[in-house]
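# Examining the three-dimensional arrangement
Spelled out from the first residue to the last, the chains are:
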Amino acid sequence: MKLYSTNNHDLRVSFEDAVFNSLPTDKGLYMPENIPQLDPSFLRNIQQYSLQEIAFHIANAFIGEDIPEADLKAIITDAINFDAPVRFLDSKTAVLELFHGPSYAFKDFGARFMSRIMGYFSKQDDQLLDVLVATSGDTGGAVALGFLGVSGTRVTILYPKGKVSKVQEEQLTTNGMNIRAIEVEGTFDDCQKLVKTAFNDQNLKGHLRLTSANSINIARLIPQTFYYFWAYAQLKSQGASDIVFTVPSGNFGNIGAGLLAYKMGLPVKHFVAGTNVNDTVPRFLENGRYEPMPSQQTLANAMDVGDPSNWVRIQAMFENDLDQLRQVISSYTYTDAQTKTAMDMLFTTYGYIACPHTAIAYLASEAFRAEHPGDYASVFLSTAHPCKFPDAISSDVFEQIQLPKGAGELEGKPKLVTEMEVDYEIFKAYLLANN
Ligand SMILES: *Cc1c(COP(=O)(O)O)cnc(C)c1O
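Attention here is on the structure that accompanies the text. (Residues numbered from 1 in each chain as written. Predicted model: local features only at pLDDT ≥ 70, side-chain atom pairs only at ≥ 80, totals over all residues. Heavy atoms only, no water.)

Next up on the list: the overall build of the chain. Counting its secondary structure elements, the chain contains 18 helices and 14 strands. Over its C-alpha atoms the chain spans a radius of gyration of 21 Å, differing by no more than 12% from the 22 Å that the globule rule assigns to 435 residues. When its C-alpha atoms are laid out on the principal axes, the chain stretches across 60 × 50 × 45 Å. Taking all 435 residues of the chain together, 58% fall into the buried category. On the chain, the mean spot of the 35 positive side-chain charges and the mean spot of the 50 negative ones are 2 Å from each other. (Helix = DSSP H or I, 4+ residues; strand = E, 2+ residues; numbered from the N terminus. Rg over C-alpha atoms; globule rule 2.2 N^0.38 Å. Buried < 20%, exposed > 50% of the residue type's maximum accessible area, 1.4 Å probe, protein only. Lys, Arg positive; Asp, Glu negative; His and termini not counted. Charge placed at Lys NZ, Arg CZ, Asp CG, Glu CD.)

Here it is in structure tokens:
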């Protein structure tokens, strides 16, 4: 697969280059030169395939030329080793649960696939790959658990002290092996700045092969298309055909992958984005003006994004044409108070405990249905297990959460962490000393 930059349509790089660099130097985003079209018989018979078989078929359509079939199959089998079930709440409303991976969030799909792709290429080049990542919580856990034990890689995760939840911190700090955690006495922005400075440090780059586990990496986008096809397969075997997907959105990577699946030929009636008060995209779809804002803190904090980094990819898929976009995507915005009410409503009506991000998707799916009644299956995506968000859920409901398999295993494990002040020279010395 060759990729171009959304800022330079003449640029062409290999898949491996796009994976290791994440971003083109012109600050655009990498997009596939051609979006592969799936064979109609595959889609017609999709309900006969497993999630892993579907994942292989799609990955092969993108990167079959870059990675031999047997290796790609091994990567998929190892990376996509958990389910993404569709559960019906009533006859027309279903939830696609994406939190059955090791960090209990949908980011496991992207992080596990990307880590194995990076491990595969760096093993071929025989050089240790140093992955640096700053996290405010969810990404770091998925990346840590995604790279855990992947040979040829070493991960350094920076997180702001006291600003991640207990489950999140355990997922970052109890791994050992090739995963190192640094607790920074500062904010998420401080963590990010340390990482960015490292990437711009030519001297450091002379000693280490650095890469980021950035959320806009193309190797995170591709595996996120898998579960849209898998959801379609599950719904098809239940007789549903028309589907509206509602996606809780922050950086718009998840819904971007859904739109990519649509462009590959997946039959979807419509996509709905639900956001918290960080509503840059909903305002854009309304008035055609893209006006990013500083992010505001909300209950659904993994979506506190004022300038969604994947949006240009979505624009590129629709030729920057607002009318085309509006035919395929709608969006709705919710406050924390509305999010809380939705979480209560899901619990009292369906006995379903949802995380705040998922609750926003539910609200948006209901809003779309109210405006567009019809005979279609409304599927909203559940992006994280509610146990990760104790502060957002009332304690009597929280107590009733069924913990996922393996939860609690990390509890009490020794915390392996290096405390660090916000000082680039100290960070650099750490990276070099432990080389
Ligand atoms: C990252 C995240 C989101 C937002 O996904 P984007 O791809 O950034 O739109 C939503 N919910 C949860 C739980 C997340 O971790």
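Now that the structure has been shown, we can carry on.
On to helix H15 (residues 336-350). With 15 residues, H15 ought to run about 21 Å at 1.5 Å a step, and its terminal C-alpha atoms sit 21 Å apart, in line with that. Along its buried surface, H15 packs onto strand E4 (86-90), helix H16 (356-371) and strand E13 (377-382). The positive-phi residue at the C-terminal boundary of H15 is Gly-351, with phi of around 65°. (Expected span 1.5 Å × (residues − 1). Contact = heavy atoms within 4.5 Å.)

Right, let's get into the packing of H15 against H16. For any two helices packed against each other, the geometry is given by the interaxial angle and the distance between the axes. For the pair H15 and H16, the least separation of the axes is 8 Å and the interaxial angle reads 80°. When the axis of H15 is compared with that of H16, the two are roughly perpendicular. Residue-level contacts link Gln-338, Thr-339, Ala-342, Met-343, Met-345, Leu-346 and Tyr-350 of H15 to Pro-356, Ala-359, Ile-360, Tyr-362 and Leu-363 of H16. Within the contact of H15 with H16, the residues separate by chemical class into ten nonpolar, two polar and no charged. (Axes fitted to C-alpha atoms, helices over the stretch in contact; angles between N-to-C directions. Parallel < 35°, antiparallel > 145°, perpendicular 65-115°, else oblique. Nonpolar A, V, L, I, M, F, W, Y, C, P; charged D, E, K, R; others polar.)

According to the stated counting rule, one finds zero disulfides in the structure shown. The closest cysteine sulfur to the non-disulfide-bonded Cys-387 is located on Cys-355, 10 Å from its own sulfur. A relative accessible area of 5% means that Cys-387 is categorised as buried. (Disulfide = S-S within 2.5 Å.)

Right, let's get into the packing of helix H6 (residues 138-147) against helix H7 (residues 166-173). In the contact formed by H6 and H7, the axes pass within 8 Å of each other and the chain directions differ by 35°. Relative to H7, the crossing made by H6 is left-handed. Counting all contacts with H6, which are made through Asp-138, Gly-140, Gly-141, Ala-144 and Leu-145, the residues of H7 involved are Gln-168, Gln-171 and Leu-172. (Left-handed = near helix turned anticlockwise from the far one by under 90°.)

Within a beta sheet, neighbouring strands are joined by backbone hydrogen bonds and run either parallel or antiparallel to one another. Overall, parallel pairing links the five strands, which are arranged E9-E6-E7-E8-E14 in an open sheet. Of all the strands in the sheet, the pair left with one neighbour each is strand E9 (209-212) and strand E14 (418-420). Across the sheet, the mean angle from the axis of one strand to that of its neighbour is 25°, orientation sign disregarded. Where strand E8 (residues 179-184) and E14 come together, three bridges link them in parallel fashion. Within E14, the residue paired with Glu-183 across the bridge is Glu-419. H6 rests against strand E6 (129-134), strand E7 (153-160) and E8 of the sheet, and its axis sits at about 160° to E7. (Pairing = 2+ DSSP bridges.)

Here the focus is the site of the ligand. Around the ligand sit 15 residues in total, of which Lys-107, Asp-138, Gly-250, Asn-251 and Thr-383 are the nearest. The contact in question runs from an oxygen atom of the ligand to an N or O atom on the side chain of Lys-107, over 2.5 Å. The contact in question runs from an oxygen atom of the ligand to an N or O atom on the backbone of Asn-254, over 2.9 Å. With the chains in place, 96% of the 380 Å² that the ligand exposes on its own is no longer accessible. Here the shell around the ligand is composed, by residue class, of six nonpolar, seven polar and two charged. (Near = heavy atom within 4 Å. Polar contact = N/O pair within 3.5 Å; in protein donor to acceptor, adjacent residues only side chain to side chain. Areas by Shrake-Rupley, 256 points an atom, 1.4 Å probe, with all protein chains shown as cover.)

Let us now look at the sheet that holds strand E12 (residues 329-333). In space, the six strands of this open sheet follow the order E4-E5-E13-E10-E11-E12, with mixed pairing throughout. The open sheet has two edge strands, E4 and E12, and neither has a second partner. Neighbour-to-neighbour, the strand axes of this sheet turn through a mean angle of 25°, independent of strand direction. Here strand E10 (residues 243-248) runs beside strand E11 (residues 270-275); their pairing, made up of five bridges, is parallel. From the neighbouring strand, Pro-248 faces E11, where its bridge partner is Gly-274. Running at roughly 175° to E11, helix H11 (residues 253-264) makes contact with E10, E11, E12 and E13 of the sheet.

Direction of pairing for strand E1 (residues 2-5) relative to strand E2 (residues 8-14): antiparallel, over a ladder of three bridges. Along E2, the bridge assignment pairs Lys-2 with Ser-14. From the end of E1 to the start of E2, which pair antiparallel, there are two residues.

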